[in-house]
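# Understanding the architecture of this molecule
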Amino acid sequence: QLQLVESGGGLVQPGGSLRLSCAASEFTLADYTIGWFRQAPGKERERVSCITKTGTSIYYVDSVKGRFAISRDNAKVNLQMNSLKAEDTAVYYCAARTFSSCSSLGGWPYWGKGSLVTVSS
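Residues numbered from 1 in each chain as written. Predicted model: local features only at pLDDT ≥ 70, side-chain atom pairs only at ≥ 80, totals over all residues. Heavy atoms only, no water.

### With respect to the side chain of Ser49
Basically, it comes down to this: Numbering goes from the N terminus for both helices and strands, where a helix is a DSSP run of H or I of at least four residues and a strand is a run of E of at least two. Contacts were defined at the residue level, with two residues in contact if any of their heavy atoms lie within 4.5 Å.
Residue placement: Ser49 occurs in strand β5 (residues 46-51). When residues no more than four places from it in sequence are discounted, the contact partners of Ser49 are Ile34, Gly35, Trp36, Tyr59, Tyr60, Ile70 and Leu79.

Structure follows, in structure tokens:
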């Protein structure tokens with residue numbers, strides 16, 4: 001059973017940077033496509049980024065393109081977040097699936113508990 005843990009969240013001023021990491025407590029993430037999602041209070045959960053098993057396909061939602069960068073190795077997946085805006089404030093979740101695609105189709109059976117990112121002055 002895959003258990004995911006996010007780390008790196010916190011409070012940052014607008015324009016600042018944070019790096020989120022997603023890791024498995026027991027297994028390597030090498031066999032999984034990893035997605036990052038976020039949810040702000042009163043808003044729908046949003047898919048932010050995704051990276052396939054081999055790292056050959058990457059997805060970013062338009063609002064974070066040029067500011068966020070996803071990367072991976074066999075141990076963990078990182079989401080580097082730069083030029084943060086107040087609108088980025090949310091709980092960020094990583095999720096995993098064996099489906100080798102960043103398509104919007106398909107589900108995400110494995111989820112972390114989330115890491116809060118607050119962007120505020």
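### Regarding the packing of aromatic side chains
To describe a pair of aromatic rings, you give the distance between the ring centres and the angle between the ring planes. Filter applied, for reference: What counts as a ring pair is set by centres within 6.5 Å for rings of Phe, Tyr and Trp (its six-membered ring), and what kind of pair is set by the plane angle: stacked under 30 degrees, edge-to-face over 60, tilted for all other angles. Here's how the labels work: a residue is buried when its accessible area is under 20% of the maximum for its type, exposed when over 50%, partly exposed in between, all with a 1.4 Å probe on protein chains only.
Under the defined criterion, the tally for this structure stands at four aromatic pairs. Each ring, one from Phe37 and one from Trp108, has its centre 5.4 Å from the other, and the planes form 80°; the classification is edge-to-face. Taken together, the residues Phe37 in strand β4 (residues 33-39) and Trp108 in the loop between β9 (90-97) and β10 (110-111) connect sequence positions 71 residues apart. A relative accessible area of 13% means that Trp108 is categorised as buried. Their ring planes at 75° and their centres at 6.3 Å tell us that Tyr93 and Trp111 sit as a pair that is edge-to-face.

### Remarks on the environment of Val5
You can see Val5 is positioned in strand β1 (residues 4-7). With a relative accessible area of 46%, Val5 lands in the partly exposed category. Excluding residues that lie within four positions of it along the chain, Val5 makes contacts with Ser21, Cys22 and Ala23.

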